[in-house]
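# Structural description and commentary
In case you want the letters, here they are:
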Amino acid sequence: MRNIIKDGQIAQDSWQVLRADAEGQYPAVAADVDVIVPLSQWLAGKATWQARAGKTAVWLAPDDDLHLLADDLATLPLVAVDFPAFTDGRGYSLGRLLRERYSYAGELRAMGDVWVDLLHYLWQVGFNAFEIKDGKAVDGALAGYDTFTERYQSTHREPVPLFRRRVTSL
Amino acid sequence: MYRYDEVDHRIVRERVEQFRDQTQRFLSGALTEDEFRPLRLMNGLYVQRHAPMLRVAIPYGHLASRQLRKLAQIARKYDKNYAHFTTRQNIQFNWPKLETVPDILAELAEVEMHAIQTSGNCVRNTTTDAFAGVAQDELLDPRAYCEIIRQWSTLHPEFAFLPRKFKIAVSGSVEDRAATQVHDIGLHVVRNEAGEVGFKVIVGGGLGRTPIVGEEVKSFLPTHHLLTYLDAVLRVYNRFGRRDNKYKARIKILVKAMTVEAFAAKVEDEWLHLKDGPSTLRDVDVAHYASFFTDPAYDVLPANPAVLTEKQAAEPAFARWLERNTRAHKRAGYRSVVLSLKKTGVPPGDITADQMDAAADWADRFGYGELRVAHEQNLILPDVREHDLYEVWQLAKAQGFATPNVGLLTDIICCPGGDFCSLANARSIPVAEAIQTRFENLDYLFDLGEIDCNFSGCMNACGHHHIGNIGILGVDKNGEEWYQITLGGSQGSHTTIGKVIGPSFAQADVPLAFEKIMTVYLEQRATGERFIETVRRIGLDPFKERVYAKHH
């Protein structure tokens with residue numbers, strides 16, 4: 001169990017993440033644990049994963065093709081996007097596309113190099129759960145939601161951009 | 001000019017507080033150097049050779065007198081009484097202390113200024129024609145759209161961590177004075193056959209290691225689709241731009257790799273999903289932003305008043321300054337004055353705190369409290385009555401602002417180079433000064449006529465050397481500073497990338513090489529032919545032969 005941030009609160013979390021080891025091999029997964037598997041592993045054995053007692057979710061690498069997951073989004077309990085480095089911004093577009101293009105409504109989790117300074121943007125593009133990087137304070141990260149009280153653009157959280165609200169309210 | 005409302009103020013204040021917190025966490029060790037670097041860069045803070053360097057945004061080069069006075073105050077209080085204008089119409093402070101930067105930002109916020117996205121892999125300051133709104137050849141005033149783009153790009157949640165920096169320029173005039181063809185996105189305000197206003201969209205231009213002239217991806221984008229289309233371009237770039245090699249990460253490389261047709265098709269496909277969405281601009285939205293850029297209460301004045309023409313006839317030095325350092329205005333009886341920051345012996349683009357105060361006073365006294373920063377690193381008083389020009393000239397002379405060299409060889413666009421910048425291979429300032437000294441004779445300089453001379457201290461090309469008619473690039477050869485010369489580059493409506501003439505020169509030999517090049521030009525030019533036109537007509541060979549001729 002570890003603490004994550006979910007829907008604006010600290011929450012206990014038992015999901016395990018399946019990652020390849022240095023040799024590119026995947027460790028065995030116990031039948032009863034809840035696990036987030038990479039897209040390639042999911043596509044290679046969907047039926048096997050679904051037959052397990054534990055729940056299975058999918059994580060996306062920044063360059064994964066979202067289209068391959070489109071048919072499963074309605075039934076997946078969770079989708080995660082990995083940020084191998086916080087400076088790799090591809091996951092922000094993936095988040096928006098999942099929410100806005102694919103209408104994904106379930107838990108959208110950011111994992112990897114994720115910490116307080118990134119929370120605001122991640123929340124705005126549609127993420128609602130954050131697995132904070134090891135060594136970074138989880139409770140301190142909650143402050144990241146409130147860094148900015150307004151923004152100019154149309155976002156997942158506030159689709160009407162400021163310029164429209166501004167003029168309408170004149 | 002645009003004025004902040006409560007929300008604009010709040011966003012900038014919150015960014016200041018966020019940065020203050022990030023700086024404190026870095027100083028206390030809670031943020032590592034690798035974590036802090038991208039965060040400070042996207043707030044304009046570099047760590048340079050001597051001290052941090054803070055780059056402050058001047059959105060599309062618009063500056064109010066009260067803002068310029070604040071910059072002067074900051075130069076005195078936190079720096080060494082001067083600052084430096086950049087080719088992105090921004091201003092840099094070279095000597096602030098890291099701990100004081102949050103305080104500087106708080107002071108800037110008081111006058112509606114900030115350092116947001118002046119560096120880092122994000123959308124940078126949007127630039128435009130420094131004469132926007134006053135130019136005689138303007139088709140449409142681009143400034144409302146510049147402000148709309150500024151707000152759209154500021155802290156955009158999806159595009160905070162792009163593969164590389166991203167620069168947008170907008171032009172609304174016949175002659176492109178915003179170098180739009182060497183930007184990641186260049187927008188030209190155009191009218192279609194039905195008379196509707198829109199943008200021609202050019203993508204994938206840029207200088208740096210791989211200079212490329214941008215290509216058109218959309219010939220006519222109706223203005224109300226501006227932001228959804230920009231979102232589509234940025235999303236394609238954010239997702240598919242290379243991230244494995246920073247030298248291959250600009251959008252120009254993606255466009256070349258995909259071909260412009262395939263790139264345009266990909267953007268179009270993305271745009272179809274976003275088009276007509278909530279970011280679509282309504283007429284009322286555009287009108288709101290345009291309302292900040294209405295004309296001041298110009299006087300009805302005769303053109304060329306006697307007080308001007310008499311002084312012009314009587315004083316050749318004034319006539320010379322008038323010809324070089326002022327520009328036609330859309331209103332009769334007015335001109336725009338370019339205050340030259342290219343005096344010999346002063347690093348190009350540098351301005352002292354006293355000069356800032358003086359220029360701010362003139363903007364209030366002779367104009368409407370506004371100034372502009374040109375990407376050629378000069379300062380502009382946009383609205384000066386012709387009958388005030390003589391007085392402005394005298395004041396400008398006293399402040400070292402009146403070198404009559406705007407557009408001439410010594411009006412060198414120049415990066416700070418190895419004296420300040422830790423990326424530079426070579427120093428640029430002393431070499432620029434040596435060239436200015438060599439061509440200091442004004443008769444000779446005027447005879448040579450209009451020549452864009454651009455100078456970069458390394459291949460990152462901050463001095464835009466590729467598009468100089470004559471360009472200089474500092475290179476490193478076994479730890480020594482050498483200088484490569486290019487000829488034939490040009491900015492504007494017919495942007496071309498210059499070609500290297502041959503082996504590079506030692507620092508001391510650069511001015512002589514320049515002189516030989518100019519001698520060839522003077523020998524070969526047809527009547528009334530500008531330097532760049534001669535270079536285009538006769539090619540590089542005559543110049544190469546002269547410059548590299550063996551001594552007899």
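Residues numbered from 1 in each chain as written. Chains lettered and ligands numbered in written order. Predicted model: local features only at pLDDT ≥ 70, side-chain atom pairs only at ≥ 80, totals over all residues.

## Here we look at the overall build of chain A
Looking only at helices and strands, chain A has 6 helices and 8 strands in total. From first element to last, N terminus to C terminus, chain A shows the α and β order β-β-β-β-α-α-β-β-α-β-α-β-α-α. In summary, chain A has a C-alpha radius of gyration of 17 Å against a globular reference of 15 Å for 170 residues, a match within 12%. For chain A, the C-alpha atoms occupy an extent of roughly 60 × 35 × 25 Å along the three principal directions. Buried residues in chain A amount to 37% of all 170 residues. (Helix = DSSP H or I, 4+ residues; strand = E, 2+ residues; numbered from the N terminus. Rg over C-alpha atoms; globule rule 2.2 N^0.38 Å. Buried ≥ 20, exposed ≤ 12 C-beta atoms within 10 Å, placed from the backbone.)

## Things to note about the confidence of the model for chain B
Across chain B, pLDDT averages 95, with 99% of residues at or above 70. With a pTM of 0.94, the predicted complex shows an ipTM of 0.97. (pLDDT = per-residue confidence, 0-100.)

## Some details on the sheet that holds strand β14 (residues 370–373) of chain B
All names here are of chain B. The strand order across the open sheet formed by 5 strands is β3-β14-β15-β12-β11, and the pairing between neighbours is antiparallel. Of all the strands in the sheet, the pair left with one neighbour each is β3 (62–64) and β11 (326–328). Neighbour-to-neighbour, the strand axes of the sheet open up by a mean angle of 35 degrees, direction not taken into account. Strand direction decides the pairing type here: β11 and strand β12 (residues 334–339), joined by 3 bridges, are antiparallel. Of the residues in β12, the one forming a bridge with Thr326 is Val337. Against the sheet, helix α12 (residues 353–366) makes contact with β12, β14 and β15 (379–385), and its axis sits at roughly 25 degrees relative to β15, the strand it touches most. (Pairing = 2+ DSSP bridges. Axes fitted to C-alpha atoms, helices over the stretch in contact; angles between N-to-C directions. Contact = placed C-beta atoms within 7 Å.)

## Quick notes on the environment of Arg331(B)
Structurally, Arg331(B) is set in the loop between β11 and β12. Arg331(B) gets classed as partly exposed once you count the C-beta atoms within 10 Å, which come to 18.

## A few points about the sheet that holds strand β6 (residues 127–128) of chain B
All names here are of chain B. Taken in spatial order, the 5 strands line up as β6-β7-β8-β9-β10 in an open sheet, and their pairing is mixed. Two strands lie at the open edges of the sheet, namely β6 and β10 (215–222), each paired on one side alone. Pairing of strand β9 (residues 197–203) with β10, which is carried by 5 bridges, proceeds in the antiparallel orientation. Across the sheet, Gly198 pairs through a bridge with Pro222, a residue of β10.

## Focus: the domain arrangement of chain B
Residues and elements named next belong to chain B. The domain architecture assigned to chain B consists of domain 1 (6–110), domain 2 (134–290), domain 3 (306–398) and domain 4 (413–547). Here domain 2 and domain 4 have C-alpha centroids that lie 31 Å from each other. Listed per partner, the contact involves 11 residues of domain 2 and 11 residues of domain 4. Here the residues of the side of domain 2 that touches domain 4 sort into 5 nonpolar, 2 polar and 4 charged. (Domains from an automatic or database assignment. Nonpolar A, V, L, I, M, F, W, Y, C, P; charged D, E, K, R; others polar.)

## Considerations on the packing of helix α5 (residues 143–153) of chain B against helix α9 (residues 283–290) of chain B
Residue and element names in this part refer to chain B. Two elements in contact, α5 and α9, have axes whose closest approach is 8 Å; the angle formed by their N-to-C orientations is 105 degrees. Judged by the inter-axis angle, α5 sits roughly perpendicular to α9. Of the residues in α9, those in contact with Ala144, Glu147 and Ile148 of α5 are Val286, Tyr289 and Ala290. Each residue belonging to the contact of α5 with α9 can be placed in one class, and the counts come to 5 nonpolar, no polar and 1 charged. (Parallel < 35°, antiparallel > 145°, perpendicular 65-115°, else oblique.)

## Re the environment of Lys252(B)
Of note, Lys252(B) is situated in helix α7 (residues 251–258). Apart from the residues lying within four places of it in its own chain, the contact partners of Lys252(B) are Gly204(B), Gly205(B), Gly206(B), Thr210(B) and Ile212(B).

## Description of the pairing of β15(B)
Residues and elements named next belong to chain B. Counting buried residues along β15, 7 of its 7 residues qualify, which places the element largely inside the surrounding structure. Judged from the 5 bridges that link them, β12 and β15 form a sheet pairing that is antiparallel. Residue pairing in the sheet places Tyr334 in a bridge with Arg385 of β15. Relative to β15, β14 runs antiparallel, the two sharing 2 bridges. Within β15, the residue paired with Arg372 across the bridge is Ile380. In textbook terms, the turn of a hairpin is the stretch between consecutive antiparallel strands, and for β14 and β15 this stretch comprises 5 residues, one of which, Gln377, has a positive phi near 70 degrees.

## A few points about unusual backbone geometry
Residue and element names in this part refer to chain A. Here Asp7, not a glycine, exhibits a phi torsion of approximately 50 degrees, which is positive. With respect to the helices, strands and loops of the structure, Asp7 is situated in the loop between β1 (2–6) and β2 (9–13). Backbone geometry places Ser103, a non-glycine residue, at a positive phi of 55 degrees. Within the secondary structure, Ser103 sits in the loop between α3 (90–101) and β7 (107–112).

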